[in-house]
Amino acid sequence: MTFTLMGIPGLEAQHLWLSLPFFSMFLAILISNGAILFMLAREPTLHTPMYLLLALLMVADLISTLALLPKLLCLFWFNDRDIAVNACFTQMFFIHGTSVVRSALLVAMAFDRFVAVCEPLRYNTVLSHSLVGRLGLMALAKGVILILPMPLLLQRLTFCHKVIPHTYCDHMAVVKLACDDTRPNQIYGLFVILLVVGLDLVLIGFSYGLILQAVIRLNSQDAIYKALNTCSAHLFVILITYVPALFSSLTHRLGHNIPPHAHILLANLYLLIPSMFNPIIYGMKTKDIQVKVAKCLCRRHS
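Residues numbered from 1 in each chain as written. Predicted model: local features only at pLDDT ≥ 70, side-chain atom pairs only at ≥ 80, totals over all residues. Heavy atoms only, no water.

Going by the annotation in an unreviewed UniProt entry, the name recorded for the protein chain is G-protein coupled receptors family 1 profile domain-containing protein, with Bos indicus x Bos taurus given as the source organism. In its Subcellular location (unreviewed entry) section, the UniProt entry covering the protein chain states "Membrane". (UniProt positions renumbered as here; feature names shortened; annotations may be inferred.)

Asks: Before we go on, may I ask you to explain a nonpolar patch on the surface in this structure?
Replies: Together, Leu16, Phe23, Leu27, Ile31, Trp77 and Phe78 give the surface a local cluster of nonpolar side chains, amounting to about 620 Å² of exposed area. At the level of secondary structure, the elements contributing two or more residues to the nonpolar patch comprise helix H1 (15-42) and helix H2 (49-78). Element by element, the count of residues in the nonpolar patch is highest for H1, at four residues. Take Trp77: it is sitting in helix H2. Taking the relative accessible area as the measure of exposure, Trp77 reaches 37% and is therefore partly exposed. (Patch = residues over 30% accessible without salt bridge, like charges linked within 9 Å, V, L, I, M, F, W, Y side chains within 5 Å. Areas by Shrake-Rupley, 256 points an atom, 1.4 Å probe, with all protein chains shown as cover. Salt bridge = Lys/Arg side-chain N within 4 Å of Asp/Glu carboxyl O. Helix = DSSP H or I, 4+ residues; strand = E, 2+ residues; numbered from the N terminus. Buried < 20%, exposed > 50% of the residue type's maximum accessible area, 1.4 Å probe, protein only.)

Asks: Is there a simple way to explain the state of the cysteines in this structure?
Replies: Linking two cysteines covalently through their sulfur atoms gives a disulfide. Applying the stated criterion across every chain, the model contains two disulfides. Each disulfide pairs two cysteine sulfurs, and for Cys88 the partner residue is Cys169, the sulfurs being separated by 2.0 Å. Here the S-S torsion is close to -125°, and the disulfide linking Cys88 with Cys169 is therefore left-handed. One end of the pair, Cys88, is in helix H3 (residues 85-118); the other, Cys169, is in the loop between strand S3 (163-164) and helix H7 (171-175), and 81 residues separate them in sequence. Per residue, the accessibility class of Cys88 equals that of Cys169, and both read buried. Across the disulfide, Cys160 is cross-linked to Cys179 (sulfur-sulfur distance 1.9 Å). With Cys160 in the loop between helix H6 (149-154) and S3 and Cys179 in the loop between H7 and helix H8 (183-217), this pair connects stretches of sequence that are 19 residues apart. Along the protein chain, the cysteines engaged in disulfide bonds are linked according to the scheme 1-3, 2-4 when indexed in sequence order. (Disulfide = S-S within 2.5 Å.)

Asks: For this particular structure, what's the right way to read the side chain of Gln91?
Replies: Along the chain, Gln91 turns up in helix H3. Gln91 sits in the buried class, given a relative accessible area of 6%.

Asks: Just to check I follow, could you spell out the packing of H1 against H2 for this structure?
Replies: Pairs of packed helices are described in terms of their axes, by the angle between the two and the distance that separates them. Interaxial distance between H1 and H2 falls to 9 Å at its minimum, and their mutual angle equals 155°. Of the possible angle classes, the one that applies to H1 and H2 is roughly antiparallel. Considering the relative orientation of H1 and H2, their crossing is left-handed. A per-class count over the contact of H1 with H2 returns 23 nonpolar, four polar and one charged. (Axes fitted to C-alpha atoms, helices over the stretch in contact; angles between N-to-C directions. Parallel < 35°, antiparallel > 145°, perpendicular 65-115°, else oblique. Left-handed = near helix turned anticlockwise from the far one by under 90°. Nonpolar A, V, L, I, M, F, W, Y, C, P; charged D, E, K, R; others polar.)

Asks: Looking at this model, I keep getting lost on the packing of aromatic side chains. Mind explaining?
Replies: Inspection of the entire model under this criterion finds seven aromatic pairs. Ring centres 5.4 Å apart and planes at 75° place the aromatic pair Phe93 and Phe94 in the edge-to-face group. Through a chain of ring-to-ring contacts, three or more aromatic side chains come together here, namely Phe23, Trp77 and Phe78. (Phe/Tyr/Trp six-rings, centres within 6.5 Å; stacked < 30°, edge-to-face > 60°.)

Here it is, written out as structure tokens:
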């Protein structure tokens with residue numbers, strides 16, 4: 001049994017033109033994330049908790065991109081719409097699983113920033129490499145445990161329709177193709193969204209509430225600026241991760257007058273925007289990375 005991916009409904013004639021921005025994003029994500037990962041691996045001075053968590057986040061971004069874009073580009077370039085059921089469920093697992101892992105890593109990075117601002121003298125003691133490894137494994141376990149039931153629950157269904165009105169195997173898009181009772185699938189999907197987005201945002205908000213408390217107590221303007229600057233890159237990453245995701249989710253549920261192609265484009269962009277901008281934000285806002293990049297460029301020039 002195979003499904004057929006429709007692509008972007010209503011814009012099928014423009015698929016070839018649409019492939020240009022998507023291919024550009026694909027190259028930008030691979031090059032920027034790959035370059036920073038290579039630099040983090042090569043530079044022992046960057047093997048600190050913050051950069052190790054950043055490396056894990058970029059690995060999750062690359063996996064998400066590789067699960068989404070190659071099939072999407074084949075669809076746009078070669079009209080290759082068919083996808084086997086097992087391949088569809090595998091793609092679903094990796095796309096949704098990496099989203100959960102990314103969110104869990106942002107919580108771990110919020111904890112990292114809390115320790116850096118509130119307990120700077122104990123930073124290396126509290127955030128040891130073994131703790132960072134455990135946080136990474138917990139993020140991975142969360143992604144696997146929460147997302148694996150989705151394809152398993154789908155396997156029990158009978159599908160009346162084969163055409164998925166999407167560019168990838170989105171969980172709810174596949175659920176809607178079934179002719180059986182899909183309430184367990186819908187309830188579980190909503191449970192995962194509420195648990196991941198709701199709980200993770202509460203934990204991030206709690207961390208930043210404690211950081212704000214500590215910042216207010218500082219007497220020096222210089223110290224306040226330094227403390228806020230320590231968190232700025234992470235705050236920008238949180239915004240570009242959660243705002244497009246929440247906006248896409250709200251328009252999907254409430255925006256009944258919004259055309260289908262707008263929903264599909266938003267669903268793709270909320271997956272790709274964080275992967276594309278994370279390296280840029282950390283490159284611009286983190287002095288250590290700027291220094292290492294400048295050194296590499298000077299070395300090549302000389």
